[in-house]
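What follows is the residue order along each chain.
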Amino acid sequence: MSNCAIVGINWGDEGKGRMVDLLTCDYDVVVRYQGGGNAGHTVVNELGKFALHLLPSGIFRKDVANVLGNGVALDCESLWTEMEDVRSKGVSITPENLKISDRASLLLPWHRELDGLEEARLADKKYGSTKQGIAPFYSDKFQKKTVMAGELLYPDKLWEHLSGILEWKNLTLEKVYGAKPYTMDDLKAWVANYGEKIKPFVCDTGAFLRQAVSDGKNVLFEAQLGSLRDLDYGIYPYTTSSNPIAAYAPVGSGLPTARLDKIVGVVKAYSSCVGEGPFTCEWFGGEAEKLREAGGEYGAKTGRPRRVGPIDIVATRYGIQCQGATDIALTKLDVLSYLDKIPVCAHYTLNGQQTDDFPFPAVLPDAKPVVEYLDGWNCDISGARKWEDLPAAARKYVEYVEAQIGCRITYVSVGPERDAIILR
Ligand code: GDP
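Residues numbered from 1 in each chain as written. Predicted model: local features only at pLDDT ≥ 70, side-chain atom pairs only at ≥ 80, totals over all residues. Heavy atoms only, no water.

The next point concerns the site of the ligand. The ligand sits among 19 residues. The nearest are Lys16, Gly40, Thr42, Asp334 and Ser413. In the environment of the ligand, an oxygen atom lies 3.1 Å from a nitrogen or oxygen atom belonging to the side chain of Asp13. With the chains in place, 91% of the 590 Å² that the ligand exposes on its own is no longer accessible. Mapped by element, the contributors of at least two residues to the shell around the ligand are α1 (16-23) and β3 (41-45). (Near = heavy atom within 4 Å. Polar contact = N/O pair within 3.5 Å; in protein donor to acceptor, adjacent residues only side chain to side chain. Areas by Shrake-Rupley, 256 points an atom, 1.4 Å probe, with all protein chains shown as cover. Helix = DSSP H or I, 4+ residues; strand = E, 2+ residues; numbered from the N terminus.)

Here it is, written out as structure tokens:
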């Protein structure tokens, strides 16, 4: 039996879905432990191209059980739309291969609405929310003002619980934002429409996972976003509202005492960032446009153009420390093939001093990148499958990054397809 977490080291979109899809062949259970429908994993396999938001990326493997743990923001509407989409491409989703924690809290209709209302109120100071209701959801969860998926199985208790929350929530909607209040009929219609659809998948996933572990099964924990978006360790307040770091995987999955044997940190060969917040190594203008085009850097959920730049060694080293990564998967190396010289943000300067420490969020906007250049390789490397297949300059780049970040790069990805990987 072994446990592994696959996590993002940077701002998200590092290619975690692609790595989970690849590594699930060695695992029996894949668990999502935090986040909601706000970000997306893209998976390309023999069935097609999929943008997953909530479904664990093990859903494509026949004998893998997929779990949405208690730490996720359970958005029944998004989840159902996604299930329908994935099913329409021939993937079977049943209560056998998808299990939703009865302790996962429900993202309610007003969470999405409140997200939009608050971003509009903030206007040019907005956090860059994807408006999927994630921040209002998690703040309500911590205030104990939402309901758990398991309550769908006990309708009388659900209505009583929801009516108390409704009264409280309408105060905020009406008095703070001047928005229309919800009624109990609205909630009943929503539960009838979406809650009922996911109800057959709701169960005691903690018990399921404990049994799986005692049967010697291998469990893979799948994160959304990356270290720098972690609520506690990221670039607050431009973070997500949950903890994508590996340390949260046991808590958010339903196996609170689990020990992680392996933590695969996913790092992209360059940097990208969706949304607002300081992004020290950011490129602008024509060179950013070329990199964005080469890497197809548009949000999986929103289609928004991502901000891009060279790999950021300072941020990556910090991200690895937050995760305790045992192995690194370096993705999208092929995207850099068009560059004559490969830029690297090797250090920062802060207040005129060079530093290798990732700054405290309040002063991070003052940091400036120190960019160095390595030789490019100027040829297509997407067909490489062995370390020796890579040109010397590409190998040198990987070795340079590995030495700088202080963690072994075990996997080098050279394309989105499952087999476009080099195992070192
Ligand atoms: P995630 O949220 O961390 O899973 O990342 P995204 O799905 O947002 O972004 C990764 C994107 O890069 C997806 O479109 C993948 O298909 C693609 N991708 C992953 N690895 C590689 C790679 O090595 N090369 C190329 N060209 N594309 C890749």
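The next thing to look at is the environment of Ala393. Inspection of the secondary structure assignment puts Ala393 in helix α11 (residues 392-405). In sequence terms Ala393 and Asn378 are 15 residues apart; their C-alpha atoms lie 9.3 Å from each other. Once residues lying within four places of it in the same chain are set aside, the contact partners of Ala393 are Asp375, Gly376 and Trp377. (Contact = heavy atoms within 4.5 Å.)

Enumeration according to the criterion identifies nine aromatic pairs in this entry. Consider the rings of Phe137 and Tyr138, whose centres lie 4.8 Å apart with planes at 80°: the pair is edge-to-face. Centroid distance Trp377 to Tyr397: 6.2 Å. Interplanar angle 50°. Geometry classified as tilted. One end of the pair, Trp377, is in the loop between β17 (368-375) and α11; the other, Tyr397, is in helix α11, and 20 residues separate them in sequence. Judged by its relative accessible area of 8%, Trp377 is buried. Given a relative accessible area of 0%, Tyr397 falls into the buried group. One aromatic cluster in this structure is built from Tyr318, Tyr348 and Phe358. The ring of Trp168 carries Lys145 above its face, with NZ or CZ at 5.0 Å from the centroid. The ring of Trp387 has Arg424 lying over it, and the distance from NZ or CZ to the ring centre is 4.3 Å. (Phe/Tyr/Trp six-rings, centres within 6.5 Å; stacked < 30°, edge-to-face > 60°. Buried < 20%, exposed > 50% of the residue type's maximum accessible area, 1.4 Å probe, protein only. Lys NZ or Arg CZ within 6 Å of the ring centre and 35° of its normal.)

Residues of strand β2 (residues 29-32) alternate between two faces, with Val29 and Val31 on one and Val30 and Arg32 on the opposite face, all of them buried. Of the pairings in the sheet, the one linking β2 to strand β5 (residues 65-68) comprises four bridges and is parallel in character. In the sheet register, Val30 faces β5, and the bridge partner there is Asn66. Here β2 runs beside strand β10 (residues 219-226); their pairing, made up of four bridges, is parallel. (Pairing = 2+ DSSP bridges.)

Another point: the sheet that holds strand β11 (residues 262-268). The strand order β9-β7-β5-β2-β10-β1-β11-β14-β18-β19 describes an open sheet built from 10 strands, whose pairing is mixed. Two strands bound the open sheet, and with one partner strand each, they are β9 (202-203) and β19 (421-423). Sheet topology places strand β1 (residues 3-8) next to β11; five bridges connect them, and they run parallel. Each residue of the ladder has a partner; that of Gly8, found in β11, is Val266.

To continue, consider helix α6 (residues 184-198). Taking 1.5 Å per residue, 15 residues should reach 21 Å; α6 reaches 20 Å between its end C-alpha atoms and fits that length. At Val191, α6 is bent by approximately 40°, the largest bend along its length. Residues of α6 that are buried: Leu187, Trp190, Val191, Gly195 and Ile198. (Expected span 1.5 Å × (residues − 1). Bend = angle between axes of the 7 residues up to and from the residue.)

Let us now look at the packing of helix α3 (residues 109-122) against helix α5 (residues 155-176). α5 packs onto α3 with a crossing angle of 15° between their chain directions and a minimal axis gap of 12 Å. Viewed along their axes, α3 and α5 adopt a mutual orientation that is roughly parallel. Judged by the twist between their axes, the crossing of α3 over α5 is left-handed. Residues Trp110, Glu113, Leu114 and Leu117 of α3 touch α5, and the partners they reach there are Ile165, Leu166, Lys169, Thr172 and Leu173. Residues of the contact of α3 with α5, tallied by class, amount to six nonpolar, one polar and two charged. (Axes fitted to C-alpha atoms, helices over the stretch in contact; angles between N-to-C directions. Parallel < 35°, antiparallel > 145°, perpendicular 65-115°, else oblique. Left-handed = near helix turned anticlockwise from the far one by under 90°. Nonpolar A, V, L, I, M, F, W, Y, C, P; charged D, E, K, R; others polar.)

Before going further, it helps to spend a moment on the side chain of Asp21. Structurally, Asp21 can be placed in helix α1. Ignoring anything within four residues of it in the chain, the contact list for Asp21 reads Val43, Val44, Asn45, Ser57, Phe60, Arg61 and Arg418.

Time to look at helix α7 (residues 205-214). Taken together, the buried positions of α7 are occupied by Thr205, Gly206, Leu209 and Ala212. Angularly, the buried residues of α7 cover 125° about the axis, an arc narrow enough to put them on a single face. Two or three places before Gly206, at the opening of α7, Asp204 has a side-chain oxygen 3.2 Å from that residue's backbone nitrogen. (Arc of directions from axis to C-beta.)

Once that is clear, we can look at the pattern of salt bridges. One pass over the structure, following the stated rule, counts 21 salt bridges. Taking the shortest distance from any N to any O, the salt bridge between Glu46 and Arg418 comes out at 3.4 Å. Placement of the pair is Glu46 in the loop between β3 and β4 (48-52) and Arg418 in the loop between β18 (409-413) and β19, with a sequence separation of 372 residues. Residue Glu46 is classed as exposed on the basis of its relative accessible area, which comes to 62%. Glu84 is the salt-bridge partner of Arg87, the closest N and O atoms lying 3.7 Å from each other. In this pair, Arg87 and Glu84 both sit in helix α2 (residues 76-88), three residues apart, roughly one turn of the helix. Look at the salt bridges and you will find they share partners, linking Asp13, Lys268, Glu297, Arg306 and Lys332 into a network. (Salt bridge = Lys/Arg side-chain N within 4 Å of Asp/Glu carboxyl O.)

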